Every structure is written in C-alpha cells, then in structure tokens.
Amino acid sequence: MILRQVADTGIKISPIGLGTVKLGRDKGVKYPSGFKIPNDLEAGNLITLAKDLGINLIDTAPAYGNSEQRLGVLLQGQRQDWVICSKVGEEFNNDTGESSFNFTPEHVRYSVERSLQRLKTDYIDMLLIHSDGNDVEIIQRYGILELLEDLKKQGKIRATGMSTKTVEGGLLALEQSDCAMVTYNLEHQGEKAVLDYAENNKKAILLKKALASGHLCKDADVDPVKTSFEFIFGHPGVTSAIVGTINPEHLKSNIKRAEEVFAQL
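Below or above, wherever it landed, is the structure these notes cover. As the structure is a prediction and not an experimental result, all values here were calculated from the model. (Residues numbered from 1 in each chain as written. Predicted model: local features only at pLDDT ≥ 70, side-chain atom pairs only at ≥ 80, totals over all residues. Heavy atoms only, no water.)

## A few points about the nonpolar core
So the rule is basically this: Only buried residues count toward a nonpolar core, which is a set of Ala, Val, Leu, Ile, Met, Phe, Trp, Tyr and Cys residues joined through side-chain atoms within 4.5 Å. Between buried and exposed lies partly exposed: a residue is buried under 20% and exposed over 50% of the maximum accessible area for its type, with that area taken using a 1.4 Å probe on protein chains only. Residues count as neighbours in contact if any of their non-hydrogen atoms are within 4.5 Å of one another.
Among the nonpolar cores identified, the biggest contains 58 residues, and Ile16, Ile205, Leu207 and Phe229 are the most heavily contacted of them. Other than its neighbours up to four places away in sequence, Phe229 contacts Ile16, Leu211, Gly234, Val243, Asn254, Arg257, Ala258 and Val261. By size, the runner-up hydrophobic cluster in this structure holds 14 residues, among which are Val6, Ala159, Met181 and Ala204.

In structure tokens form, the structure reads like this:
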C-alpha cells in the first residue's frame, strides 16, 4: 500500500489504519455481535500482522478503555514503525459503561500528558478532538484547536484535527487544523462535503465506520468489503480508513480487498 500525506505535516500514513477500540473495551460498543478482548499475545500478533501487511497507522483514544496503556507496552521497540493517532475530550468509565466529555484547556493538557505516559512516547503523531456531536460549539467555545496548535509547536503532537459528527464541524475543523475524522460509507454519505473540502484544500481525512461497524450490505452476490472500499476510496479526499477488526483472517482479507481496489484506481 502506498503511503499518503497528512496535509503538510510530513506524516505519511497507510490507506488502511488499525482501530484499537476492541483492544481496550467491550462495553458500550455498537457492533452487530459481541467479542472477547484479545490477550497480550493475540494483540501482539495482530499488530505484527498489521505491520507485515503494510499498515503503519494505529488509532486509539482515552475513550477506548485501556487501549492506550496496552499499546504503550505492545509497541515498545517499534515506535518508529507506527503513526499513532489518539484523541482528547471523551472519557470512558468502564464500571458504568458510559462516556463523559470534557473539552476545557486544563483537561486537554492533562489528557495529552496522560496519553504520552500511557503510550510510553515523547510525541503523538496525530491528536484529534473526540466530539460529543456539538462540533462547532466545542471549537468556538473552548479554543481547543488553537491549544492543539500550541502543543504541536511544543513538539508533543505532530498533526491536529477533530473526529466530527456534523458537516459544519468537519469543515470548521479542516479550516483550522490538519485533519478531520468523519463517517463515510455505503450507508452514510451525508458528510461528503467535508471530503470535498479536504480534497480541494490538501487536508487529510480519516474515515471511521468505513465498513459500517460490521453492518454491511446483505446482497449475497456482492462482496461487501470490496464494494465498500471501491466506494470510499473512489473519493480522492479520503486519506485513510480505520478498520477495527481483531480477527487476523478478517484483517488479511480486508487488506487483500483494499489492494485489489487500489490496483484499479
């Protein structure tokens, strides 16, 4: 897989990224079926497989249970091989299975320092705001993107952005940062304008729920993964799609389908 630029940051990422929510939590998730959080050996083997398949982007967040802590251990000795994307704003309580949000400057600084410690690294490659849905209010009320720019100048993060839930928020985030993470798949196309803006302004787009969190077309005559990749990568504004599988065979199959699509583009 050919690596793709993240705006003008100098960061290059694989067009498929590995999502790690399933490494850290199994409560409050919206997948079609339950799953067992992999043990350290299984998680380590998955990360090795992802790297062998050409993936260099790994996506995590404080809201993903203990995902950051586990990655801090699992990525020891191979930090240079990975572009780590983490987030600020959303906190997850494993006891209650519920999220809470805090976008104050004090919490953002605390959260970034905590993520650096958990990940056992001196810098986070990509740091995104984890929106609660009130994208525009968050940006305008807290000055949070300006704060991330300050942290970028300090060398604590290399690229800034926001995981948004609205078109308005996605556009505003791209105006003020390097990247937006949006939902765009066969079933959800309402945020296409954000992809268009990114393409025209050389900003980066990460896709969440690229395979609709496992809820894909049920037509037996259609390969849902390949059809999905054909659709999302058919838009030149897409930089990378995050895939959250913890099944090695699914990961290999997904990469095979993605490579077939890239060969056609």
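Structure's up, so let's keep going.
## Some details on the pairing of strand 3 (residues 16-19)
Which entries qualify depends on this criterion: In DSSP terms, a helix is any run of H or I states spanning at least four residues, a strand is any run of E spanning at least two, and both are numbered starting from the N terminus. A pair of strands is considered paired only if DSSP assigns at least 2 bridges between the two.
Alternating residues of strand 3 divide into Ile16 and Leu18 and Gly17 and Gly19, and every residue in both groups is buried. Here three bridges tie strand 3 to strand 12 (residues 240-243), and the two strands are oriented parallel to one another. Bridge pairing links Leu18 to Val243 in strand 12. With three bridges joining them, strand 3 and strand 4 (residues 57-59) adopt parallel strand pairing. When the bridges of strand 4 are listed, Gly17 appears paired with Leu57.

## Observations regarding the packing of aromatic side chains
For the record, the criterion: Here a Phe, Tyr or Trp ring, Trp counted by its six-membered ring, pairs with any other such ring whose centre lies within 6.5 Å, and the pair is stacked when the planes are under 30 degrees apart, edge-to-face when over 60, and tilted otherwise. Two limits define a charge over a ring: the Lys NZ or Arg CZ must be within 6 Å of the ring centre, and within 35 degrees of the ring normal.
The tally for this structure, following the rule as stated, stands at five aromatic pairs. Considering the side-chain rings of Phe101 and Phe103, the 6.0 Å spacing of their centres and the 25 degrees angle between planes classify their relative orientation as stacked. Judged by its relative accessible area of 34%, Phe101 is partly exposed. Its relative accessible area of 5% is what places Phe103 among the buried residues. Ring centres of Tyr184 and Phe231 lie 4.9 Å apart, and the angle between their planes is 25 degrees; on these two criteria the pair is classed as stacked. With Tyr184 in the loop between strand 10 (179-183) and helix 8 (192-201) and Phe231 in helix 9 (residues 224-232), this pair connects stretches of sequence that are 47 residues apart. By relative accessible area, which is 4% here, Tyr184 ends up buried. Put simply, the rings of Phe101, Phe103 and Tyr142 pair up and form one aromatic cluster. Above the face of the Phe92 ring, Arg25 is positioned so that its terminal group lies 3.7 Å from the ring centre. Arg79 extends its terminal NZ or CZ atom over the ring of Tyr123, reaching a point 4.2 Å from the ring centre.

## Describing the sheet that holds strand 12
Rules: Helix axes are fitted to C-alpha atoms over the stretch in contact, other axes to C-alpha atoms as well, and angles between N-to-C directions run from 0 to 180 degrees.
Taking strand neighbours around the barrel as the criterion, the eight strands line up as 3-4-5-8-9-10-11-12 in a closed arrangement whose pairing is parallel. Neighbour-to-neighbour, the strand axes of this sheet turn through a mean angle of 30 degrees, independent of strand direction. In this structure, strand 5 (residues 83-88) lies alongside strand 8 (residues 124-130), joined through four bridges in parallel fashion. Residue pairing for strand 8: Val88 is matched across the bridge by Ile129. The sheet strands contacting helix 4 (residues 105-119) are strand 5 and strand 8, and the helix crosses strand 5 at an angle near 145 degrees.

## Side note on helix 5 (residues 135-142)
Let me state the cut-off plainly: Note that the arc is defined by the directions from the helix axis to the C-beta atoms.
Regarding helix 5, the residues found buried are Asp135, Ile138 and Ile139. The buried residues of helix 5 all sit within an arc of 95 degrees when viewed along its axis, so they share a single face. Turned more than 90 degrees away from the buried face of helix 5 sit Gln140 and Arg141, all of them exposed. Along its buried surface, helix 5 packs onto strand 8, helix 6 (144-153), strand 9 (157-163) and helix 7 (167-176). Looking one or two residues beyond helix 5, the residue adopting positive phi is Gly143, at roughly 60 degrees.

## Notes on the packing of helix 9 against helix 10 (residues 248-264)
Applicable threshold: In these notes the angle categories are as follows: under 35 degrees is roughly parallel, over 145 is roughly antiparallel, 65 to 115 is roughly perpendicular, and the rest is oblique. It is the rotation of the near helix from the far one that decides the hand of a crossing: anticlockwise by less than a right angle makes it left-handed, clockwise makes it right-handed.
Interhelical geometry of helix 9 versus helix 10 gives an angle of 40 degrees and a closest axis separation of 9 Å. One way to sum up the angle between helix 9 and helix 10 is to call them oblique. Crossing of helix 9 against helix 10: the hand is right-handed. Within the contact between the two elements, helix 9 uses Val225, Lys226, Phe229 and Glu230 and helix 10 uses Asn254, Arg257, Ala258, Glu260, Val261 and Gln264.

## Description of the environment of Val136
Topologically, Val136 is positioned in helix 5. With 69 residues separating them along the chain, Val136 and Ile205 place their C-alpha atoms 18 Å apart. In contact with Val136, not counting residues within four places along its chain, are Glu168, Gly169 and Leu172.

## Section: the packing of helix 2 (residues 40-52) against helix 10
Under the convention used in this document: Residue polarity is assigned by list, with Asp, Glu, Lys and Arg as charged and Ala, Val, Leu, Ile, Met, Phe, Trp, Tyr, Cys and Pro as nonpolar; anything else, Gly included, falls into the polar class.
It is at 10 Å that the axes of helix 2 and helix 10 come closest, and there the two elements cross at 15 degrees. Viewed along their axes, helix 2 and helix 10 adopt a mutual orientation that is roughly parallel. In this structure, helix 2 crosses over helix 10, and the sense of that crossing is right-handed. Every residue of helix 10 that contacts helix 2 at Leu46, Leu49 and Ala50 is listed here: Pro248, Leu251 and Lys252. Among the residues making up the contact of helix 2 with helix 10, the classes are represented as five nonpolar, no polar and one charged.

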